[in-house]
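As a plain string of letters, each chain reads:
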Amino acid sequence: IGAGGFITGLKLDNGKILLSGSAFTSNTGFNTQGFVARLIADSLFLDTTFGTNGIAFVSKDIRAFKLDANKKIVAVGSDGTDYLAARLTANGKPDATFGKNGIALVSISNFSPERALALDIDSKKRLMIVGIVENVITGLDRAGLIRLLP
């Protein structure tokens, strides 16, 4: 993952493990790739039936994920500029019924980079996403909260 990379995980009912995060793709630390991966139960091997050879690559930055009521994977982060929410099928493929090719981008401010950091899914299947909005002029970050309808 590299210095400063980010990863989080969840053990599924079938014993398999989902991991998501962001990994650096260069030594400079500026290029990242967001991903969701699935490991075979009780092992450290990628489950090659998930995504592409065990990994679904999603945008630049993934910070959190949850399973929805239909066992689809909802991940949030950033595309480098805006809040990003992605939904994958249980097998790690983009869910074409969500956003554009499985990805929804939301901009809160026209002048600041934004990053979603956490999410929850309510009983009506709405996504509640919280994150930060960076102010490139003052250097002060602000909290941001959005809700996406199903």
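Whatever comes next refers back to the structure up there.
Draft legend 1. Summary view of the pattern of salt bridges. Taken as a whole, this structure holds nine salt bridges when the rule is applied. Across the pair Lys72 and Asp95 runs a salt bridge, and its minimum N-O distance is 2.9 Å. Here the residue Lys72 occupies a position in the loop between β5 (61-67) and β6 (73-78), and Asp95 occupies one in the loop between β7 (83-88) and β8 (103-106), the gap between them amounting to 23 residues. Given the relative accessible area of 4%, Asp95 is considered buried. Ionic contacts of the salt-bridge type, sharing partners, join the residues Asp61, Arg63, Arg115 and Glu134 into one network.

Draft legend 2. Representation of the sheet that holds β7 in the model. The sheet built from four strands is open, its strands ordered β5-β6-β7-β8 with antiparallel pairing. Lying at the two open borders of the sheet, with one neighbouring strand each, are β5 and β8. In this sheet, neighbouring strand axes are inclined to one another by 20 degrees on average, regardless of whether the strands run parallel or antiparallel. With six bridges connecting them, β5 and β6 associate as antiparallel partners. Note on β6: the bridge partner recorded for Asp61 is Ser78.

Draft legend 3. Structural detail: the side chain of Arg87. Along the chain, the position of Arg87 falls in strand β7. Only 2.7 Å separates the side chain of Arg87 from the side chain of Asp95, close enough to count as a polar contact. Setting aside chain neighbours within four positions, we find Arg87 in contact with Asp68, Lys72, Ile73, Val74, Lys93, Pro94, Asp95, Thr97, Phe98 and Gly102.

The rules behind the values
Residues numbered from 1 in each chain as written. Predicted model: local features only at pLDDT ≥ 70, side-chain atom pairs only at ≥ 80, totals over all residues. Heavy atoms only, no water. Salt bridge = Lys/Arg side-chain N within 4 Å of Asp/Glu carboxyl O. Helix = DSSP H or I, 4+ residues; strand = E, 2+ residues; numbered from the N terminus. Buried < 20%, exposed > 50% of the residue type's maximum accessible area, 1.4 Å probe, protein only. Pairing = 2+ DSSP bridges. Axes fitted to C-alpha atoms, helices over the stretch in contact; angles between N-to-C directions. Polar contact = N/O pair within 3.5 Å; in protein donor to acceptor, adjacent residues only side chain to side chain. Contact = heavy atoms within 4.5 Å.

Purely geometric stuff here, so don't read any function into it on its own.
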